[in-house]
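Coordinates in review
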Amino acid sequence: MSQFIKYLSLLGVLCSSKIALANSMEKQISDLIYQQISEANIDNIAIDYLTSKPQLNCDSPTFAILNKNKQWGNLTITAKCENITKYIQVYVAVTGSYVMANQPISAGTLMTEQQVKMQSGRLDKLPPAVILNKSEVINHIALRNINNGEPIKNSMLQKNWHVKAGQTVKVIVNGEGYSIAANGKTLSNGALGELINIKLNTGNIVQGVVTEKGIIILNK
């Protein structure tokens with residue numbers, strides 16, 4: 001009888017150990033997914049396992065998301081123990097806020113605050129690259145007609161370029177107690193506040209910030 005009790009006790013320890021490892025694995029996967037989703041406009045995240053959790057041969061496996069550019073929907077998680085890699089299929093459902101057109105918007109329109117609004121919904125059910133922050137929409141240019149109520153994606157917009165590649169600009173170098181003006185050519189398009197490269201007439205390539213006046217300011 002005592003041997004049977006010992007067997008039950010050992011079985012209980014093994015079961016408890018497996019449950020603890022499974023819970024630890026779920027927590028690590030959950031933490032990994034939460035770290036991947038860094039946007040502030042997220043209200044809720046739910047993780048559903050599409051395949052059974054694999055048996056891992058080590059206490060401290062390394063977990064990673066196979067496609068790091070994808071934040072939700074169907075995801076593949078890799079679990080690596082020494083030289084053995086196992087795969088875990090999960091579905092990540094995310095509720096949060098995204099940017100939606102508040103009225104019909106014509107192609108070529110400079111986007112304003114009044115033309116868009118924040119809408120709450122299931123982000124995993126929306127097309128990829130839907131914009132979650134108004135700041136990424138305002139002062140951009142619509143590349144095509146956008147319908148009222150349509151979620152706004154990155155591919156619908158273009159930055160409002162203040163200077164364009166190859167444009168000659170006035171460059172002001174601000175130093176301690178001095179200011180030097182020179183001319184240069186931009187090596188890329190630049191929106192207000194962006195840092196871009198400029199090739200000076202001397203041949204040197206420097207970086208500067210695009211300002212309201214179209215002048216590149218360099219702080220040395």
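The rules behind each value
Residues numbered from 1 in each chain as written. Predicted model: local features only at pLDDT ≥ 70, side-chain atom pairs only at ≥ 80, totals over all residues. Heavy atoms only, no water. Buried < 20%, exposed > 50% of the residue type's maximum accessible area, 1.4 Å probe, protein only. Helix = DSSP H or I, 4+ residues; strand = E, 2+ residues; numbered from the N terminus. Pairing = 2+ DSSP bridges. Core = buried A, V, L, I, M, F, W, Y, C linked by side-chain atoms within 4.5 Å. Contact = heavy atoms within 4.5 Å. Salt bridge = Lys/Arg side-chain N within 4 Å of Asp/Glu carboxyl O.

Overview of the pairing of strand β2 (residues 62–65)
Covered by surrounding structure in β2 are Phe63 and Ile65 only, the residues Thr62 and Ala64 on the alternate face being uncovered. Strand direction decides the pairing type here: β2 and strand β3 (residues 73–81), joined by four bridges, are antiparallel. Paired with Ile65 across the strands is Ile77, a residue of β3.

Digging into the nonpolar core
Counting residues in each nonpolar core, the largest one holds 24 residues, and the members touching the most others are Ile88 and Val92. Those elements giving two or more residues to this core turn out to be α1 (2–36), β1 (42–49), β2, β3 and β4 (84–101). Here this core gets six residues from one element, more than from any other, and that element is β4. Val92 has contacts with Ile33, Ile37, Ile45, Ala46, Gln71, Trp72, Gly73, Leu75 and Asp124, leaving out every residue within four places of it along the chain. Core analysis: the next-biggest nonpolar cluster, separate from the first, contains 12 residues, Ala101, Met111, Ile146 and Leu157 among them.

Some words on the pairing of strand β11 (residues 205–210)
Pairing between strand β10 (residues 195–200) and β11: five bridges, direction antiparallel. Each bridged residue has a counterpart across the sheet, and for Ile198 the counterpart in β11 is Val206.

Some words on the pattern of salt bridges
The full count for this structure, using the stated rule, is five salt bridges. We note a salt bridge from Glu194 to Lys159, for which the minimum N-O separation is 2.2 Å. Here Glu194, found in the loop between β9 (178–186) and β10, pairs with Lys159, found in strand β7 (residues 157–159); they are 35 residues apart in sequence, far enough to count as distant. Classification of Glu194 by relative accessible area gives partly exposed; the value is 21%.

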